[in-house]
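Coordinate inspection notes
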Amino acid sequence: MRIAKYFGHLIFILFLTVLTQVGGIVWLLSLYIAHKFKKKKRFVFPILYLVFSLAIIPPLASLAGREQLPLTRDELKPRNWIYPLLNRNYVTPELQKLLDDASTNLTKQGITITYLDASFPFIDGFSLLPHLSHNDGKKVDLSFMYKDKNGKLTNKKPSTSGYGTYVNKDNNQTNSYCKNSGYWQYDFPKYLTFGSRNDITFSKEHTRILIKELLSYHSTQKIFIEPYLKQSLGFENESKVKFHGCKAVRHDDHIHLQIK
């Protein structure tokens, strides 16, 4: 029984580490505190984890060269609280400055930048699963822009997670090509919406404005979107707007921004 218990803790530590990077360490610390002070770990862990995520990790990450993206700013904010709570909203100071400047400029046009996954707070090369490349603080996923049923710009998004609700669900030739080539995972994010809504529509105009703003910065290295969106948004001749390849997943539900 004791071996099974230790094995269960090990599996949970690995799970928390993969999901949040620091959760496994916090779990170990909560086990120690619960044992030392005779407290129930189911109460100790969430309190300790929140303290770490909100108060301890951000300054430590800053010392290590990563900055936490803002939590409550009107012009730059997470799709929902799950991204900061899982410590998946850290970037380099250079990317933070780009997003700060872009969001300040875009707010004049009524556009709010909504971010999704970025990177973990520590260690270059530590994978942010299920992403292939979000491991150095230089990448961040951003939501497209949408309009409500009255045709007005809205900050609402079509899925709870920000992923998996595609601009063109059924007529994406790249999706067909990649899946027929054996890349079964290409449209897997459709299972990761965690709930969706149908009362908003993709805003080509405002998404184009958002991407143009991101392209205006020298530090922008590349932007990934689906090839059909690159064409329909008018970026056919823009070398920084690229196809991400079949080994990744569809990018007609979000923008991938990467700096040098």
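Above this text is the structure in question.
This text gives an overview of the structure that appears in the document. (Residues numbered from 1 in each chain as written. Predicted model: local features only at pLDDT ≥ 70, side-chain atom pairs only at ≥ 80, totals over all residues. Heavy atoms only, no water.)

Scanning the protein chain from N- to C-terminus turns up eight helices and eleven strands. Counting all 260 residues of the protein chain, 47% fall into the buried class. Pairs at least 24 residues apart make up 70% of the contacts formed inside the protein chain by residues separated by at least 6 positions. Accessible surface for the protein chain amounts to roughly 13,800 Å². Of this, 59% is attributable to carbon and sulfur atoms. In the protein chain, which carries 36 positive and 21 negative side-chain charges, the distance between the mean positions of the two groups comes to 9 Å. (Helix = DSSP H or I, 4+ residues; strand = E, 2+ residues; numbered from the N terminus. Buried < 20%, exposed > 50% of the residue type's maximum accessible area, 1.4 Å probe, protein only. Contact = heavy atoms within 4.5 Å. Areas by Shrake-Rupley, 256 points an atom, 1.4 Å probe, with all protein chains shown as cover. Lys, Arg positive; Asp, Glu negative; His and termini not counted. Charge placed at Lys NZ, Arg CZ, Asp CG, Glu CD.)

Two cysteines whose sulfur atoms are joined by a covalent bond form what is called a disulfide. Inspection of the entire model under this criterion finds one disulfide. Disulfide partner of cysteine 178: cysteine 246, at an S-S distance of 2.0 Å. Classification of the bridge connecting cysteine 178 and cysteine 246 rests on its S-S torsion, roughly -70°, and on that basis the disulfide is left-handed. Of this pair, cysteine 178 sits in helix H6 (residues 173-180) while cysteine 246 sits in the loop between strand S10 (241-242) and strand S11 (254-259), placing them 68 residues apart in sequence. (Disulfide = S-S within 2.5 Å.)

Once that is clear, we can look at the pairing of strand S5 (residues 139-143). Counting buried positions over the five residues of S5 gives five, a clear majority of the element. On S5, burial covers both faces: Lys139, Asp141 and Ser143 on one face and Val140 and Leu142 on the other are all buried. Across five bridges, S5 lies against S11 in antiparallel orientation. Paired with serine 143 across the two strands is histidine 254, which belongs to S11. (Pairing = 2+ DSSP bridges.)

Further remarks concern unusual backbone geometry. Looking along the chain, the bond that leaves leucine 129 and enters proline 130 is cis, with omega of 10°. With respect to the helices and strands, proline 130 occurs in the loop between strand S4 (113-115) and S5. The phi torsion at asparagine 87 lies on the positive side, around 60°, for a residue other than glycine. Mapped onto the elements of the fold, asparagine 87 is located in the loop between helix H4 (82-85) and strand S3 (90-91). Note on asparagine 87: relative accessible area 0%, which makes it buried. With phi around 55°, phenylalanine 194 is a residue other than glycine that occupies positive phi space.

Within the largest apolar cluster, 33 residues are counted, with the highest numbers of intra-cluster contacts made by Leu99, Val140, Leu142, Ile225 and Leu257. Put simply, the parts of the chain that give this core at least two residues each are helix H5 (93-107), S4, S5, helix H7 (204-215) and S11. Top element by residues in this core is H5. It accounts for five residues. Leave out the neighbours within four places in its chain, and valine 140 touches Leu69, Leu95, Leu99, Tyr115, Asp117, Ala118, His134, Ile255, His256 and Leu257. Judged by nonpolar contacts, the second largest core, of 13 residues, contains Ile13, Val26, Trp27 and Ile57. (Core = buried A, V, L, I, M, F, W, Y, C linked by side-chain atoms within 4.5 Å.)

With respect to the secondary-structure elements, glutamate 226 resides in the loop between strand S9 (220-224) and helix H8 (227-232). Here glutamate 226 is buried and forms no salt bridge, its nearest opposite-charge partner arginine 250 lying at an N-O distance of 5.3 Å. A distance of 3.1 Å separates a polar atom in the side chain of glutamate 226 from a polar atom in the side chain of histidine 244. A distance of 2.8 Å separates the side chain of glutamate 226 from the backbone nitrogen of histidine 251, its partner in a polar contact. The contact partners of glutamate 226, leaving out residues within four places of it in the chain, are Asn172, Thr174, Tyr186, His244, Val249, Arg250, His251 and Asp252. (Salt bridge = Lys/Arg side-chain N within 4 Å of Asp/Glu carboxyl O. Polar contact = N/O pair within 3.5 Å; in protein donor to acceptor, adjacent residues only side chain to side chain.)

Going through the model one piece at a time under the given rule, you end up with ten salt bridges. With its nearest N and O atoms 2.9 Å apart, the salt bridge here joins arginine 73 to aspartate 100. Placement of the pair is arginine 73 in the loop between strand S1 (67-68) and strand S2 (76-78) and aspartate 100 in helix H5, with a sequence separation of 27 residues. The closest approach of N and O atoms between aspartate 187 and lysine 179, which form a salt bridge, is 3.4 Å. Lysine 179 sits in the partly exposed class, given a relative accessible area of 34%.

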